[in-house]
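Coordinate inspection notes
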Amino acid sequence: MEDFNVTDFLTLLKYLFLGLFQGFTEPIPISSSGHLEIAQHFFDLDIKGLSFALLVNTASLIAVLLIYREDIIRLIRNGLAYVTTKDKQAESDFRFIIYLIIGTIPAGVIGILFEDFIDVHLANIKTVGITLIVTGLALWLIRNLRGRKNDAELSYKDAIIVGLAQAVALIPGISRSGATIVAAMGLGMKQETALRFSFLLYIPVSAGGMILGFNDILTDPNLSELALPYTIAFFASLIASYFSLKWFMNIMAKGNLKYFAIYCFIVGPLVYFLS
C-alpha cells in the first residue's frame, strides 16, 4: 500500500508539472507542443492518455477567454448590431469577426488533411530542435518592428496571411503565438493589434479542436485512472496560462521579443544535438 501511495503521489506531481509547463509555454512564442516533446524526451515523462493535450489546451483556451472577455463581448455585441441595423459604428468590429473566421480556415483545413502526417513524421524531438531555431529567426527578424495598423485597418489579405502562419504552427516547435504575431507585425500591425488578433484567432481553432476531440476524453481507457491527475493538470494549465499571457502582454508592450528569440537560439541546437 505504501509503494502504491508513493507511486500515485509521483503521478500527481508529474501531471502537475506538465500542466504548469504547458500552461506557461502556451501563450508565449516558444511553442508549448515543442516543449511538451522536450519534457517527455529529456525527463522521461510518459503522458498516459491520448486526451491530455486536448485537456490542457482547453484550459489555456479558458484563460484566453477570461483575459479577452471584454473584447469578445464587444465584438459579439457590435457584430450583431451591424447585422441587424447596419450601424456604421459597429462595422469595423463586424469586419474583425469576418477576418477571424477567414484566418481560422487554413489551420482547420490543413489540420484535418495533414494531422496524421504531422503526428507520424514531424512530432519528434529532432524536428522540435530545428523548428525552435526557425521560430527564433522569425522573432529576431521582427524584433524592432513598430506597426501602425489598428483593428479597423485590417484587410482580407492580412487575415489570410496570419491564418496561414497559424497553420504552419501545427508543426511541433513552431510557436502558434510566435508565428501569428510575426506575420501580423510583418504586415504592419501595432503590437497590441497583433497580440489581440493572434489570441482571438486562437479561440475558434482551440474550440474546434476541443469539440472534435471531446469524444477522445469520454472514450479514453485511462479516464477513470487519470481523473484526478487530469483535473490537477487542467487547473495548473489554466492558472499558468492566465498569468503567462498577462506577462507576455506586458513583454509585447515593451517590445522585448528578442529575448524569446535568444531563448530559441539556445534551446533549439541543444535539443537537436543532445537528443
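My aim in this report is to walk through the structure given alongside it, one point at a time. In this convention, every chain numbers its residues from 1, walking through the sequence in written order. Note on the predicted model: pLDDT of at least 70 is required for a residue's local features to be given, and 80 or more for side-chain atom pairs to be given and counted; whole-chain, interface and lining totals, by contrast, use all residues. Values reported for side chains reflect all heavy atoms of the structure, with hydrogen atoms and water molecules removed beforehand.

**Some words on the side chain of Arg 196**
Formally: Segments assigned H or I by DSSP are reported as helices when at least four residues long, segments assigned E as strands when at least two residues long, and all are numbered from the N terminus. Working rule for contacts: check all heavy atoms of both residues, and any pair within 4.5 Å makes them a contact.
Topologically, Arg 196 is positioned in helix α9 (residues 191-218). Setting aside its immediate chain neighbours within four residues, Arg 196 contacts Tyr 68, Asp 71 and Asp 151.

**A short note on the packing of helix α5 (residues 91-122) against α9**
As a reminder, the rule being used: Orientation is described by axes fitted as lines to C-alpha atoms, over the contacting stretch for helices, and by angles from 0 to 180 degrees between their N-to-C directions. Here the angle decides the label: under 35 degrees means roughly parallel, over 145 means roughly antiparallel, 65 to 115 means roughly perpendicular, and every other value means oblique. Handedness of each helix crossing follows the sense of rotation of the near helix against the far helix: counterclockwise by less than a right angle gives left-handed, clockwise gives right-handed.
Packing of α5 against α9 leaves a shortest axis separation of 9 Å and a crossing angle of 60°. Compared by their axis directions, α5 and α9 come out oblique. For α5 against α9, the interelement crossing comes out right-handed. Counted together, Phe 96, Tyr 99, Leu 100, Gly 103, Thr 104 and Ala 107 of α5 and Phe 197, Leu 200, Leu 201, Pro 204 and Val 205 of α9 form the full contact between these two elements.

**Some details on a negative patch on the surface**
Operational definition: Distance thresholds for patches are 9 Å for like charges and 5 Å for nonpolar side chains (Val, Leu, Ile, Met, Phe, Trp, Tyr), applied to residues having over 30% relative accessible area and no salt bridge. Shrake-Rupley sampling with a 1.4 Å probe provides the accessible areas, and residues are treated as covered by the protein chains on show and by no other component. Any Lys or Arg side-chain nitrogen located within 4 Å of an Asp or Glu carboxyl oxygen qualifies as a salt bridge. Positive charges come from Lys and Arg alone, negative charges from Asp and Glu alone, with His and the N- and C-terminal ends not counted. A charged residue contributes its charge at one atom only: NZ of Lys, CZ of Arg, CG of Asp or CD of Glu. Throughout, exposure labels follow a simple rule: accessible area from a 1.4 Å probe, protein chains only, divided by the maximum for the residue type, with under 20% read as buried, over 50% as exposed, and the rest as partly exposed.
On the surface, Glu 115, Asp 116, Asp 119 and Asp 216 cluster together to form a negatively charged patch. With 3 residues, α5 is the single largest residue contributor to the negative patch. Topologically, Asp 116 is positioned in helix α5. For Asp 116, a relative accessible area of 60% puts it in the exposed group.

**A word on helix α7 (residues 156-168)**
It helps to recall that an α-helix has 3.6 residues per turn; residues three or four apart then point in one direction. Put simply, the rule is: Helix span, expected: 1.5 Å multiplied by one less than the number of residues in the helix.
Look at α7: 19 Å from first C-alpha to last across 13 residues, which is about the 18 Å you get at 1.5 Å a residue. Of all the residues in α7, the buried ones are Asp 158, Ala 159, Val 162, Gly 163, Ala 165, Gln 166 and Ala 167. Here the buried face of α7 lies against α5, α8 (176-186) and α9.

**Some remarks on the environment of Asn 144**
Along the chain, the position of Asn 144 falls in the loop between α6 (125-141) and α7. According to the relative accessible area criterion, Asn 144 is exposed, its value standing at 58%. For the pair Asn 144 and Leu 257, spaced 113 residues apart in sequence, the C-alpha to C-alpha distance is 8.5 Å.

**Details of the pattern of salt bridges**
One pass over the structure, following the stated rule, counts 7 salt bridges. Taking the shortest distance from any N to any O, the salt bridge between Glu 91 and Arg 95 comes out at 3.2 Å. Residue Glu 91 and its partner Arg 95 are located together in helix α5, separated by 4 residues, close to a single helical turn. Note that Lys 149 and Asp 158 form a salt bridge whose closest N and O atoms lie 2.9 Å from each other. On the accessibility criterion, Lys 149 (22% relative accessible area) is partly exposed.

**Notes on the packing of α5 against α7**
Definition in use: Under the grouping applied here, Gly and all other residues not named as nonpolar or charged are polar, the nonpolar ones being Ala, Val, Leu, Ile, Met, Phe, Trp, Tyr, Cys and Pro and the charged ones Asp, Glu, Lys and Arg.
One can describe the packing of α5 onto α7 by two numbers: an axis separation of 8 Å at closest approach and a directional angle of 35°. The hand of the α5/α7 crossing is right-handed. Between α5 and α7, the contacting residues are Arg 95, Ile 98, Tyr 99, Ile 102, Gly 103, Thr 104, Pro 106, Ala 107 and Ile 110 on the first element and Tyr 156, Ala 159, Ile 160, Gly 163, Leu 164, Gln 166 and Ala 167 on the second. For the contact of α5 with α7, the class distribution of residues is 11 nonpolar, 4 polar and 1 charged.

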